[in-house]
Amino acid sequence: MALTLRQAAEAFRRYGEQVPVVIGSRLDKLTIAAQRLSVTQFMQGLGSGKNARPANPPPGPLGIRSGRLRRAVRRVKAYKEGESWVAGLYVDGNEVPYAWHESGMRTGAHIIIPVKRKALHWGGDGGPFAKIVRHPGSRIPARPYMRPALEIAVAQHVPLIESDLKALEDRLLGGRS
């Protein structure tokens, strides 16, 4: 038995307005899960003092010392823009200037000169001194922490969004899909 136009209009009036609510709610849950994953699974504590890992650990999970980067991972609350939905994660770059770990970074060759003293010093008590250092530049590999978390969260939540929309469709059509 087919729906009459009046029945379809009534069903859409009753359930159709729930579609944006369902999508927005599920996308918010997705970004919350991704945020949680990014700061737990893809970052690991480095500790401090004698037990601290080196400042530039090898590629792998991103090491953290102070927790500032972990606290700077923010989520974008889901909203509709035109025909698309927007949601995701970002890092407040004003809070942590080293958020570039997500995509890696390159620095060009540059000169380092002392600012507060007459010479630069590194390497402990007997380490070298220099009035100027010609740094060749660096290639810092990417150690993503948001992208893989979002990929996992999307894989977990998209089927839930689809099942929620299917349930709404069934209610809208009265089980006639």
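The structure displayed is predicted, hence computed values, not measured ones.

Asks: Before we go on, may I ask you to explain the overall build of the chain in this structure?
Replies: In terms of helices and strands, the chain carries 4 helices and 10 strands. N-terminal to C-terminal, the α/β element order of the chain is α-α-β-β-α-β-β-β-β-β-β-β-β-α. When burial is assessed residue by residue, the chain has 28% of its 177 residues classed as buried. Put simply, of all contacts in the chain between residues at least 6 apart along the chain, 62% involve residues at least 24 apart.

Asks: Please clarify how the pattern of salt bridges should be interpreted in this entry.
Replies: If the charged atoms of two oppositely charged side chains come close together, the side chains can form a pair. In total, this model carries 6 salt bridges according to the counting rule given. A salt bridge links R74 to D92, with the nearest nitrogen and oxygen atoms 3.9 Å apart. One end of the pair, R74, is in strand β3 (residues 73-81); the other, D92, is in the loop between β4 (84-91) and β5 (105-107), with 18 residues separating them in the sequence. Given a relative accessible area of 25%, R74 falls into the partly exposed group. Linking E102 and R147 is a salt bridge whose minimum nitrogen-to-oxygen distance equals 3.8 Å. Remark: R147 occurs in helix α4 (residues 147-172) and E102 occurs in the loop between β4 and β5; sequence separation between them is 45 residues.

Asks: When you look at the side chain of D28 in this model, what are you seeing that I'm missing?
Replies: Its place among the elements puts D28 in helix α2 (residues 18-40). The buried category is assigned to D28, whose relative accessible area is 10%.

Asks: Is there a simple way to think about the environment of S38 in this case?
Replies: Position of S38 among the secondary structure elements: in helix α2. S38 sits in the buried class, given a relative accessible area of 0%. In this structure, the C-alpha to C-alpha distance between S38 and R70, residues 32 residues apart in sequence, is 8.2 Å. Residues within four places of S38 in sequence aside, it is in contact with M43, V73, L89, Y145, M146 and A149.

Asks: Just to check I follow, could you spell out the nonpolar core for this structure?
Replies: Soluble globular proteins: nonpolar side chains tend toward being buried together. With 22 residues, the main nonpolar core has L69, V73, V91 and Y145 as its most contacted residues. Where this core is concerned, the elements lending two or more residues are α2, α3 (68-72), β3, β4 and α4.

Asks: Would you explain α4 in this entry?
Replies: Along an α-helix, residues three or four positions apart point the same way, because every turn accommodates 3.6 residues. For α4, built from 26 residues, the straight-helix expectation of 38 Å at 1.5 Å per residue is met to within 8% by its first-to-last C-alpha distance of 36 Å. Within α4, the axis deviates most sharply at H157, by approximately 30°, and proline P159 lies no more than four positions further along. Buried residues of α4: P148, A149, A153, H157, I161 and L168, and no others.

Asks: Sorry if this is basic, but what is going on with the pairing of β3 here?
Replies: Working note: regular strand, side chains alternate between the two faces of the sheet. By the bridge criterion, 7 bridges tie β3 to β4 in an arrangement that is antiparallel. Residue K80 lies in a different strand from β4, and its bridge partner there is W85. Count of turn residues in the β3/β4 antiparallel hairpin: 2 residues, of which G82 carries a positive phi of about 65°.

The rules behind these values
- Residues numbered from 1 in each chain as written.
- Predicted model: local features only at pLDDT ≥ 70, side-chain atom pairs only at ≥ 80, totals over all residues.
- Heavy atoms only, no water.
- Helix = DSSP H or I, 4+ residues; strand = E, 2+ residues; numbered from the N terminus.
- Buried < 20%, exposed > 50% of the residue type's maximum accessible area, 1.4 Å probe, protein only.
- Contact = heavy atoms within 4.5 Å.
- Salt bridge = Lys/Arg side-chain N within 4 Å of Asp/Glu carboxyl O.
- Core = buried A, V, L, I, M, F, W, Y, C linked by side-chain atoms within 4.5 Å.
- Expected span 1.5 Å × (residues − 1).
- Bend = angle between axes of the 7 residues up to and from the residue.
- Pairing = 2+ DSSP bridges.

So far we have only geometry, and geometry alone does not tell us how the molecule works.
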